[in-house]
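Given next are the chains, with one letter for each unit.
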Amino acid sequence: MKFFRLLTPLLLAIVAVLCFAPAAWAFCGFYVAKADTKLYNKASQVVIARDGDRTILTMANDFQGEVKDFAMVVPVPTVLQKEQVRVTEPKIIERLDAFSAPRLVEYFDSDPCAPVYERELSAAPAPAASNQSARKRSSDDSLGVTVEARFNVGEYDIVILSAKESGGLETWLKRNGYKIPRGAKQLLQPYIRSSMKFFVAKVNLDKFEQSGYQFLRPLQISYQSPKFMLPIRLGMINATTEQDLIVYILSPQGQAEITNYRTVKIPSDANIPIFVKDEFGEFYKSMFQTIYTKEDRKVGFLEYAWDMGSCDPCSAEPLTPEELKQAGVFWLDDNSASNVPVSPNFRRPFPRSNVFISRLHVRYTRDKFPEDLIFQQTANSESFQGRYVLQHPFQGELKCQAGREYKQSLPKRFEQEAQTLAKLTNWKIQDIRNKMKLSVGNLRYSWWENFLSWLGLY
Amino acid sequence: MLLKDIRDYQILFLGLFLVLGIGTRDWTLRPEFIGVAIATCLATQWILSLVISHWSLAKNIDASAATLRERQGRTRRVGQSLNIRSALITSLGLGLLLRADHWTTMAIAAALAIASKFIFQVGDKHFFNPANFGIISALILTPDAWVSPGQWGEEWWYGLLFVGTGGMILQRVGRWDTTAAFLGSYSLLEAIRNLWLGWTWDVYWHRLMSGSLLLFALFMITDPRSIPNSRIGRVVWAICIAGLTFILRNYFFISTAVFWALFALAPLTILLDVLWLAPRFAWQEKDEEAGEELLTQHS
């Protein structure tokens, strides 16, 4: 009988380790909410899948207004043919967004009066992540504009232009019914001089109505060029406020970063008060604004970096190979792996899917981001996620010494959480404290409870 | 003893940048890899110094035993105490600029950086900048090395810090001409391009204010031991590097253009030293003695 008593906790411990340990080794806690791009009224989203100098770029339009007014002019490095342009489903960008969005997780404190092994298990520090058309070439000599290609794809009419001078390009666009904002001429010139081409898209209303889509679908272009950049200058011509841009970079190797601006990780792994659960979106927006101001509004932020094969905790299921292909990943079938450097096994202790996602969030204005964004892929396989933690105190009855100590430690912990939240979001600490009292009311202590427990009587 | 040598200041400043970088700037900097770089550089320096001194001894077997012992003692003493400094500078430079996913990459870069000093020598002068050689070898030979040119940002006070500390060292070693020629010609080329393209001038300043570029111009291309000895040689050399950097960055879209340009043009030092003769740089008088001694041993 005595033997059995000893054995039971041991067996329990083994079972517990077998059942829960994998969660404890990785980032434990349960995912409860995510801060996706729906938070922002206007956030352009771009997916860049790139391997070597081959690129597939997907542009989601944040266009709000009459579809007939939609037009976009994007400088591109090469002349694109019809086969290089297609439309994709908006769903794929939503999936990438959901998968990589900053997330809120929650933990529940265990009973401090319960046997020790359980507590040790739940208190185990979370170590680093588990790593792991028919082409028609016509030239308008007087304007110096060449129509390199003209075709339609889905609901879009597309023209690829090359130009000799910006005045001519501006005139051409105006004559062909594009509304070009003031000041565009000066901005178009540098792109013409660096021999960029112009990808010009308009909505074909007949086709759009036939298609039955309610919204404009993302356009996807593929090209081969050593230029790994994203032109943001043109978009700033008539912008009055800062603009949000989310770039998802899919790479066969590791993290991507900006080479001509600093790339900074957003604050992560902070314990924050429980009431944030109901206003996570607001929290994230305030936090982002605070760090953006603190960094003097001139850096790009890394919100997520992870191997596409896994996630922990998952705010959405990893994308299937089919979805990845739709997102532009073109090297999945490439079994020869000639472009992916094969490293010795000892360097890759974990199996990797050969797609790594980096989610970069750039909030830019004309004065702080004078130059277009230039990126590079690195071999940095370190995982990172914007993750915020809610730690629920134990709610049950506490009738042991450890329980009393635990209860005494709580006010200090709550105050710490309040201060962390105030620091991250710039919210008023007093407001935070007031809100917290509402949500953890029954865990506050009166002065006499504190006094009695100090005497060891309570 | 401490801070008597200019290189002590250099070590101090580079160390300060690393601390600042880890603390405030660059989240890809990994302290343990800097440790690996320092350990590997010092170890490689020590081993290769031993090998070289044994080799020289074997060649001078006919010399008298007493002179030999004396020489051996002096060479080793002088060589080691002095070369720890330059090995340390090389490792700090690697730590500041090179990034890797695995520590072995850092070790390979550090070992090759120091080895390049011993292998690529003409007339007892090495012509590759050791840290630069280490960076380029890691980029070519390993799958997981990279350089983060954006991570030092373009904060004005960082620029000021680099210019201030770098300027102080350059003043002491008398190599400000190289930095001036490099930055002057590079910014002139970028200015012409900016004017031609029609960008506004804030684009130009943004391109030039990069912390990595300043770090390179002040601390890497000015290493007096591996660059041309004569002033005119250095100016010509720096202008060539600026030109190649400009071409690689703007026409081949290589973000790490400066490092490739320095690597490709390092051997030009030999030619420039032949064209314009000048005495070789020495950190201290003692060092010069040691150099002469080694020369006589070789001859």
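Residues numbered from 1 in each chain as written. Chains lettered and ligands numbered in written order. Predicted model: local features only at pLDDT ≥ 70, side-chain atom pairs only at ≥ 80, totals over all residues. Heavy atoms only, no water.

## Remarks on the state of the cysteines
Residues and elements named next belong to chain A.
Part 1: Evaluated as defined, the whole model comprises two disulfides over all chains.
Part 2: For C113, the disulfide goes to C400, at an S-S distance of 2.2 Å. Judged by the torsion about the S-S bond (-95°), the C113/C400 disulfide is left-handed.
Part 3: Note that C311 is cross-linked by a disulfide to C314, the S-S spacing being 2.0 Å. Taking the torsion about the S-S bond as the criterion, the C311 to C314 disulfide, at about 100°, is right-handed.
Part 4: In this structure C311 comes out as buried when scored by relative accessible area, which is 12%.
Part 5: Residue C314 is classed as partly exposed on the basis of its relative accessible area, which comes to 28%.
Part 6: For chain A, numbering the cysteines in disulfides from first to last along the sequence yields the connectivity 1-4, 2-3. (Disulfide = S-S within 2.5 Å. Buried < 20%, exposed > 50% of the residue type's maximum accessible area, 1.4 Å probe, protein only.)

## A word on the packing of aromatic side chains
Part 1: The tally for this structure, following the rule as stated, stands at 32 aromatic pairs over all chains.
Part 2: Taking 5.5 Å as the distance between ring centres and 85° as the angle between the ring planes, the aromatic pair formed by Y191(A) and W199(B) counts as edge-to-face. Of the two residues, Y191(A) sits in helix 5 (residues 184–193) while W199(B) sits in the loop between helix 7 (176–197) and helix 8 (201–208), which places them in two different chains.
Part 3: Directly above the aromatic system of Y292(A) lies the positively charged group of R363(A), at a separation of 5.5 Å from the ring centroid. (Phe/Tyr/Trp six-rings, centres within 6.5 Å; stacked < 30°, edge-to-face > 60°. Helix = DSSP H or I, 4+ residues; strand = E, 2+ residues; numbered from the N terminus. Lys NZ or Arg CZ within 6 Å of the ring centre and 35° of its normal.)

## What about the packing of helix 5 (residues 130–141) of chain B against helix 11 (residues 257–265) of chain B?
Two quantities define a packed helix pair, namely the angle between the axes and the distance from one axis to the other.
Residues and elements named next belong to chain B.
Part 1: Running from amino to carboxyl end, helix 5 crosses helix 11 at an angle of 110°, the nearest separation of the two axes being 10 Å. Put simply, helix 5 runs roughly perpendicular to helix 11. Mapping the contact onto sequence places N132, F133, I135, I136, L139 and I140 in helix 5 and F259, W260, L262 and F263 in helix 11.
Part 2: For the contact of helix 5 with helix 11, the per-class residue count stands at nine nonpolar, one polar and no charged. (Axes fitted to C-alpha atoms, helices over the stretch in contact; angles between N-to-C directions. Parallel < 35°, antiparallel > 145°, perpendicular 65-115°, else oblique. Contact = heavy atoms within 4.5 Å. Nonpolar A, V, L, I, M, F, W, Y, C, P; charged D, E, K, R; others polar.)

## Examining the UniProt feature "transmembrane region" (unreviewed entry) in chain B
Residues and elements named next belong to chain B.
Part 1: The positions UniProt marks with the feature "transmembrane region" (unreviewed entry) are residues 9–27, 33–57, 78–97, 103–120, 127–144, 204–222, 234–252 and 258–278.
Part 2: Helix makes up 94% of residues 103–120 and strand 0%. Its end C-alpha atoms lie 25 Å apart.
Part 3: For the annotated span residues 258–278, helix accounts for 76% and strand for 0% of the residues, and the straight-line distance between the end C-alpha atoms is 26 Å. (UniProt positions renumbered as here; feature names shortened; annotations may be inferred.)

## Topic: the pattern of salt bridges
Residue and element names in this part refer to chain B.
Part 1: Across all of its chains, the model carries 32 salt bridges over all chains by this definition.
Part 2: For D5, the salt bridge goes to R7, with nearest N and O atoms at 2.9 Å. R7 carries the same exposure label as D5, and that label is buried.
Part 3: One network of salt bridges, with partners in common, ties together D5, R7, D8 and R85. (Salt bridge = Lys/Arg side-chain N within 4 Å of Asp/Glu carboxyl O.)

## Looking at the sheet that holds strand 12 (residues 229–230) of chain A
All names here are of chain A.
Part 1: Strands sit in the order 12-19-14 across an open sheet of three strands; the sheet is antiparallel. The strands lining the two open edges of the sheet, one partner per strand, are strand 12 and strand 14 (256–258).
Part 2: Bridging between strand 12 and strand 19 (residues 373–377) involves two bridges; their strand directions are antiparallel. Bridging from a neighbouring strand, L230 pairs with L373 of strand 19. (Pairing = 2+ DSSP bridges.)

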